[in-house]
Amino acid sequence: MSAAPEPVQAADLLTVEEITVRFASKAGELVAVEGASFSLRHGETLGLVGESGCGKSTLARCIAGLLPPDSGRILLHGSDVTRARARSDRRMVQIVFQDPYSSLNPRLSVRSTLKELLAVHGLARGAAAERRCRELMALVGLPAGALDGYPNAFSGGQRQRIAVARALAVEPEVIVADEPTSALDVSVQATILALFESLRSQLGLGIVMISHNLAAIRHLCDRIAVMYLGRIVELGDRSEIFGDPRHPYTLALLAASPRIRQAAGGARVRLSGEPPSPARKPSGCHFHPRCPRAEDRCSIESPLLAVASDSHALVACHFRDERHTG
Amino acid sequence: MIPREGRSGRGSTRSRPDETTGAGAPAGLALAVEGLTVSVQRQDGRHVAVDDVSFEVVGGSAFGLVGESGSGKSLTLRALISLLPPPARVEGGSVFLHGRRLPPAGRQARRARRGEMAMIFQDSLSALNPVQGIGGQIAEAPQRLLGLSRRRAWDRAIELLRLVGIPDPASTAHAYPHQISGGMRQRVAIAIALSTEPSVLLCDEPTTALDVTVQAQILDLLDDLRRRLDLAIVFVSHDLAVIRQLCDETAVMYTGRLVETGPSASVLAEPIHPYTRGLLAAIVDLDDPVGAPTPIPGSLPDIERLPPGCTFHPRCFLATAECAATVPELAPAAGVAENHRSACIHRDRLVHA
């Protein structure tokens, strides 16, 4: 079913080729990610969006090297790191989790957390490590005095900054951020989004941003991959995904997002039902039972992720060439 | 659904003159809250967490209460339904249901609300009994409170499941909570809440844990139900866009005080309180990808150390010396909707600004 993987280009920092992840469950085998492919360049932010169970977090864990895929390849600067990562390769990709309350060790001060990392990776010791700690605090917008604090002394937004500082400590080239603002208050989310924006522009990091918040994704990401039940169903530039969405699921996600400038009761397209369990995926195009555009062939034939006409976006829909207005 | 008149006993207490508000609540006013004040016990004493909150909700309409965590919005809801957790206590104020003043706390208070007010929560899984079939859970209250027979209560459960959009209600009634999806569980929680035909439905972030396409369905369902059943909905959320979608009126809460109230279209489009303005500027707007969000400087103060005067003044771009001296009252401003009020002494400077 899968698309031809994009050819590996010299400029690609991270290449994900045909990644498939299977889990054994009571209900039988569950395919969490089915042949996902994309690439990421320096200074680029890629958004992964989709609803719970779509495989976006599983894919993030594969990229970060926390979960080996069952098939497919992950390349960093063109070299294969799918099976084993040297310590230097592990440093290159760092992950920031949703919940800064549970991802930091409560018994370690911020300084100890950072210094331990610097020592383990042989990056800095003694006075150099202290200098680096202060530099990291400045990078994430915290005062140097924060180094003496323990995680419980900080607010959610500050903790997320500490989690980012920890990720940056080992000088990564790719940051994978799994719902980094979801656990934060509305007025704080903006500061964390701005932090990621500055990391991309100041340090030229490649960022993979996972979120269910389409507004945040639109604000931050150059390219967006929309996932449904383990498959990437649409992959394109921001302008394509938001301005000329082609997959009916992308359209439905956009229609379902509540809008601050739109009153209730407008004519909205609603999807019926809910995403089925990944253990019981529908045949053919997994989206067909909920799809307003579905025809008979959709339940039989899996659409390829292929370029749509008049667009650069890759769309996994038999009707990818149909344009939707509004 | 069973008509409201068909209920036993309790309905008649509504017209008892000694319990009726002197102000003469207008017809259709399902819920009126006057000066509700809640305190919370901390190590060094009691602190006010909900401060003199007043609002009214007409049957068939939805009232949105928006604020950040710690603003007191959930405590307000729990005080309304008399389910405050132990360190919190109602200090003053009145709650009127169809013009009838409700006892503030204790067993009497809960009895007075039973069947009349219902609440749904963010986490529907923990709101349901995992070892009882969902039909039985819905039938329980009609059996106990409305005096329906087992048979009729079961029929009513199935009817309610149909009302909240559960496919194949007769067989789903036999399912257990873990066998149905998150969105379906929230529908079941709504069915339980509606099982005694309440006139007021309190919603505490009921869609926050749901996926966006399912959230849209639940919001549509609540919107439909309030019209069909003449329900007064109080909807608490941190999400301004969700509030905008469902609620006719919006109140913005900060450190336990209502700082801005009025029609949602007016409050969320032309806010006249700097905090509301700050909240709107801090969120990313799906329809405005270019505009960069601006965070509000500083952070929400703890109720143990509230700033004097307007509690927002240390974070406010408009603050003057006077702001630290006086607590501003909710008041209207010229040039915006008549019932659009702001608790800011500089409100007039924000009109059309």
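Fair warning: this is a prediction, and the values are worked out from it, not measured in the lab. (Residues numbered from 1 in each chain as written. Chains lettered and ligands numbered in written order. Predicted model: local features only at pLDDT ≥ 70, side-chain atom pairs only at ≥ 80, totals over all residues.)

(A) How the structure looks around the overall build of chain B. Per the secondary structure count, chain B includes 13 helices and 12 strands. Since a compact globule built from 353 residues should have a radius of gyration of about 20 Å, the 21 Å found for chain B is in line with a globular shape. Taken over the C-alpha atoms alone, chain B extends approximately 65 × 55 × 45 Å along its principal axes. Counting only contacts in chain B whose residues sit at least 6 apart along the sequence, the fraction spanning at least 24 positions is 64%. (Helix = DSSP H or I, 4+ residues; strand = E, 2+ residues; numbered from the N terminus. Rg over C-alpha atoms; globule rule 2.2 N^0.38 Å. Contact = placed C-beta atoms within 7 Å.)

(B) Representation of the overall build of chain A. Along the backbone of chain A there are nine helices and 12 strands. Its C-alpha atoms give chain A a radius of gyration of 21 Å, within 12% of the compact-globule value 20 Å for 326 residues. When the backbone C-alpha atoms are referred to their principal axes, chain A occupies close to 70 × 50 × 40 Å. When each of the 326 residues of chain A is scored for burial, the buried share is 50%. Long-range contacts, defined here as pairs at least 24 residues apart, represent 65% of the contacts in chain A between residues at least 6 apart. (Buried ≥ 20, exposed ≤ 12 C-beta atoms within 10 Å, placed from the backbone.)

(C) Quick look at the domain arrangement of chain B. All names here are of chain B. Each assigned domain of chain B is listed with its residue range as follows: domain 1 (29-116 + 198-300) and domain 2 (130-196). Averaged C-alpha coordinates put domain 1 and domain 2 at centres separated by 27 Å. Taken together, the contacts link 11 residues of domain 1 with 11 residues of domain 2. Here the side of domain 1 that touches domain 2 takes four residues from helix H8 (residues 212-229), the largest share from any one element. (Domains from an automatic or database assignment.)

(D) Structural detail: the pairing of strand E4 (residues 88-97) of chain B. Residues and elements named next belong to chain B. With eight bridges connecting them, strand E1 (residues 29-42) and E4 associate as antiparallel partners. Bridging from a neighbouring strand, Thr37 pairs with Gly92 of E4. As paired elements, E4 and strand E5 (residues 100-102) share three bridges and run antiparallel to each other. Each bridged residue has a counterpart across the sheet, and for Phe96 the counterpart in E5 is Arg101. Between the end of E4 and the start of E5, which pair antiparallel, lie two residues, with His98 showing a positive phi angle near 50°. (Pairing = 2+ DSSP bridges.)

(E) Highlighting the sheet that holds strand E2 (residues 28-41) of chain A. Residues and elements named next belong to chain A. Read from one edge of the open sheet, four strands run E2-E1-E4-E5, paired in antiparallel fashion. Each end of this open sheet is capped by a strand with a single partner; those strands are E2 and strand E5 (79-80). Running over the sheet, helix H1 (residues 56-63) touches strand E1 (12-25), E2 and strand E4 (71-76) and is turned about 120° from E1. (Axes fitted to C-alpha atoms, helices over the stretch in contact; angles between N-to-C directions.)

(F) Highlighting the environment of B:Val53. All names here are of chain B. Within the fold, Val53 resides in strand E2 (residues 45-58). Using a count of 25 C-beta atoms within 10 Å as the deciding quantity, one classes Val53 as buried. For the pair Val53 and Thr76, spaced 23 residues apart in the sequence, the C-alpha separation amounts to 8.3 Å.

(G) Looking closely at the pairing of E1(A). Residues and elements named next belong to chain A. The pairing of E1 with E2 spans 10 bridges and is antiparallel. Counterpart to Ser25 in the pairing with E2 is Gly28. Joining the antiparallel neighbours E1 and E2 is a turn of two residues. Relative to E4, E1 is paired through five bridges, and the arrangement is antiparallel.

(H) Representation of the confidence of the model for chain B within the structure. Confidence along chain B averages 89 in pLDDT terms, with 92% of residues attaining 70 or more. As scored by the predictor, the complex reaches a pTM of 0.87 and an ipTM of 0.83. (pLDDT = per-residue confidence, 0-100.)

(I) Up close: the sheet that holds E5(B). All names here are of chain B. If you walk across this open sheet you meet the four strands as E2-E1-E4-E5, and the pairing is antiparallel. Looking at the sheet topology across the chains shown, the edges are occupied by E2 and E5. Strand after strand, the sheet turns through a mean of 10° between neighbouring axes, direction not considered.

(J) Structural detail: the confidence of the model for chain A. On average, residues of chain A carry a pLDDT of 89, and 94% of them reach 70 or more. Per-element averaging of pLDDT across chain A places helix H2 (residues 87-92) of chain A at the bottom with 87 and strand E10 (residues 231-237) of chain A at the top with 97.

(K) Structural view of the nonpolar core. Among the nonpolar cores identified, the biggest contains 195 residues, and A:Ile63, A:Val208 and B:Phe235 are the most heavily contacted of them. Both domains that furnish three or more residues to this core are identified here as domain 1 (29-116 + 198-300) and domain 2 (130-196) of chain B. For A:Val208, the residues in contact, after removing those within four places along its chain, are A:Leu40, A:Leu46, A:Leu48, A:Ala60, A:Ile63, A:Val174 and A:Val176. (Core = buried A, V, L, I, M, F, W, Y, C linked by C-beta atoms within 7 Å.)

(L) View of the interface of chain A and chain B. On the chain B side, the residues contacting the 31 residues of chain A number 37 residues. Every element with two or more residues in the side of chain A that touches chain B is listed here: helix H6 (186-203), helix H7 (214-220) and helix H9 (248-256) of chain A. The element that contributes the greatest number of residues to the side of chain A that touches chain B is H6(A), accounting for six residues.

(M) Focus on the packing of helix H5 (residues 156-169) of chain A against H6(A). All names here are of chain A. Between H5 and H6, the shortest axis-to-axis distance is 9 Å and the interhelical angle comes to 15°. In terms of orientation, H5 and H6 fall into the roughly parallel class. Both H5 and H6 take part in a crossing whose hand is right-handed. In contact with Gly156, Gly157, Gln160, Arg161 and Val164 of H5, H6 contributes Val188, Thr191, Ile192 and Leu195. Across the contact of H5 with H6, the residue classes break down as four nonpolar, four polar and one charged. (Parallel < 35°, antiparallel > 145°, perpendicular 65-115°, else oblique. Left-handed = near helix turned anticlockwise from the far one by under 90°. Nonpolar A, V, L, I, M, F, W, Y, C, P; charged D, E, K, R; others polar.)

(N) Representation of the environment of B:Arg78. Residue and element names in this part refer to chain B. Within the secondary structure layout, Arg78 lies in helix H1 (residues 73-80). You can call Arg78 partly exposed: it has 19 C-beta atoms within 10 Å. In sequence terms Arg78 and Asp204 are 126 residues apart; their C-alpha atoms lie 9.2 Å from each other. Apart from the residues lying within four places of it in its own chain, the contact partners of Arg78 are Leu83 and Leu84.

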